[in-house]
Amino acid sequence: MIAAPSITFSGAAEFSGAPLFDNITLEIKGGEWTCLLGPSGVGKTTVLRIIAGLDSAVNFRGKIISSDGKTLQNRTAYMAQNDLLFPWLTLLDNVCIGATLRGDHVEKTRAIEMISRVGLAGHEGKKPSQLSGGQRQRGALARTLMEDRPVILLDEPFSALDAKTRADMQELAAELLTDRTVLLVTHDPAEAARLSHQAIVMHSTGLQHIDMPATPPVRGIDDPQTLATQGKMLKILREGPQ
Amino acid sequence: MNWKHGIISAIVLIAVWQLTVTLTGVASFILPSPLRVANALWHSRALIAEHAWVTLAEVILGLIIGSILGIVTAINLATSSTARAILRPILVFSQAIPVFALAPLLTLWFGYGMGSKIIMAVMIIYFPVASAFFDGLMKTPSGYLDLAQTMAATQSRELWHIRMRAAMPSLGSGLRLAAVYAPIGAVIGEWVGASKGLGYLMLLANGRVKTDLLFATLIVLAVLTVCLHLCVDILARRLAKDH
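Just so it is clear, the model here is predicted, and its values are computed rather than measured.

## Overview of the interface of chain A and chain B
In step 1: Across the contact, 23 residues belong to chain A and 20 residues belong to chain B.
In step 2: For the chain A and chain B pair, buried surface summed over both sides reaches about 2000 Å², with 64% attributable to carbon and sulfur atoms.
In step 3: On inspection of chain A and its partner chain B, the count reaches 2 salt bridges.
In step 4: A salt bridge links D242 of chain B to K127 of chain A, with the shortest nitrogen-to-oxygen separation between them at 2.6 Å.
In step 5: Here chain A is connected to chain B by 7 residue pairs in polar contact (both at pLDDT 80 or more).
In step 6: Of all elements in the fold, only α1 (44-52), β5 (76-79), α3 (97-102) and α5 (133-147) of chain A reach the threshold of two or more residues within the side of chain A that touches chain B.
In step 7: Sorting elements by how many residues they give to the side of chain A that touches chain B places α3 of chain A first, with 5 residues.
In step 8: Its residues assigned to classes, the side of chain A that touches chain B comprises 10 nonpolar, 6 polar and 7 charged.

## Some points on the packing of aromatic side chains
In step 1: A complete count under the given rule lists 7 aromatic pairs over all chains for this structure.
In step 2: Consider the rings of W88 of chain A and Y144 of chain B, whose centres lie 6.0 Å apart with planes at 85 degrees: the pair is edge-to-face. With one member in each of two chains, W88 of chain A in the loop between β5 and α2 (91-95) and Y144 of chain B in helix α7 (residues 142-150) form a pair that bridges those chains. A single burial state applies to W88 of chain A and to Y144 of chain B, both of which are buried.
In step 3: Through successive ring pairs, a cluster of aromatic residues spans F9, F21 and F60 of chain A.

Scoring rules and cut-offs
Residues numbered from 1 in each chain as written. Chains lettered and ligands numbered in written order. Predicted model: local features only at pLDDT ≥ 70, side-chain atom pairs only at ≥ 80, totals over all residues. Heavy atoms only, no water. Contact = heavy atoms within 4.5 Å. Buried area = accessible area lost by both parts, 1.4 Å probe. Salt bridge = Lys/Arg side-chain N within 4 Å of Asp/Glu carboxyl O. Polar contact = N/O pair within 3.5 Å; in protein donor to acceptor, adjacent residues only side chain to side chain. Helix = DSSP H or I, 4+ residues; strand = E, 2+ residues; numbered from the N terminus. Nonpolar A, V, L, I, M, F, W, Y, C, P; charged D, E, K, R; others polar. Phe/Tyr/Trp six-rings, centres within 6.5 Å; stacked < 30°, edge-to-face > 60°. Buried < 20%, exposed > 50% of the residue type's maximum accessible area, 1.4 Å probe, protein only.

Any link to function would need more than the numbers given here.
Shown next as structure tokens:
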């Protein structure tokens, strides 16, 4: 994998003539996890979609600059709340889908290795309907790893999972996506407190950086500093910018 | 539909039919009893089978050609906005013309043989197949398309591996409708002008007041349609498997 670049996202977006966010500058550090929190409808997912180069219903004026000066096109991988595994394909074929869709050579051996890395060895031939919610999201993670992109965009990928599975998945993702530039959009302050190198709360008025504990992620779920940071974030989310 | 329920329904229907004939004493050329119809079915089995093969061939060929044309149209409409702009109004307008009204014209153009009946069947099923499949192709879950876009999928591979696969249940619905409509098209074509087929045999039996043969033919046609529907239903279920 090539070195993961930093990304600077700056600009304004409007939806049907009304401003969604105005002149924000978001610095996403290379090789680190940046969590973007905020109330619903503030535009977090829109920011992620614009960086991913996906269609969004908004009119965006601004720029996205990567530290290595190259375009982000074909350098991002995307994971959403829904695992987006194709129900008609086996897990192995789902993990290989990127190469299939591009017409590239399908590296089955590497795909089997990725499946094994996410703890799903032996499930390669199963259809998504035969897997649990947590296993499906692991499958989606294996597919993301298979793409081997330096920039990973995660749009609430763990929010539909139960508490235990979510905690397991957070640790697994943090371990496997080390050294990549990760932008995680989440509603969950606990998740942001555990996983972020830097956490930013997005308000309708702008961005607010949160002071993170000195310990590196992944932080323990019962670590006092993590819990204090989580509480601080929740307070900001409830009471607005401070 | 449970087959046991089907058998019970058939028994009830035959009982009501027999009861009506017995109680009203209606003349057999108006409404023959189930027994007379069964008798006609048995004695004319070779004749009915000969005509049934023709109708079945027309229906199956119509179904195959109509489905292929419908599928190709749906793909064109789904992938090209120009095709949508040009073809859609034509398609909608074409549905304002009852296909049945074109039957005499088709017989004039394509003769009394199987050709005009196959074309009738094709015309009647083309729109439901095209419309159902197009609808499915346009309703691919947006998350799938987002994923494909971030993976730099080519348009043709996205169409083949995602959009078409995701639209298979819709295609199955269209084919189910087509299996029911296709025999109607073929039989109407036969009524207008033919020398073979169940529709022709029904007209012939009616003209000669052989109402029992008419009923026997009708029953064979209904059984053929149901069998065809069941076969297509199995195919449609396979298409929708895993969705």
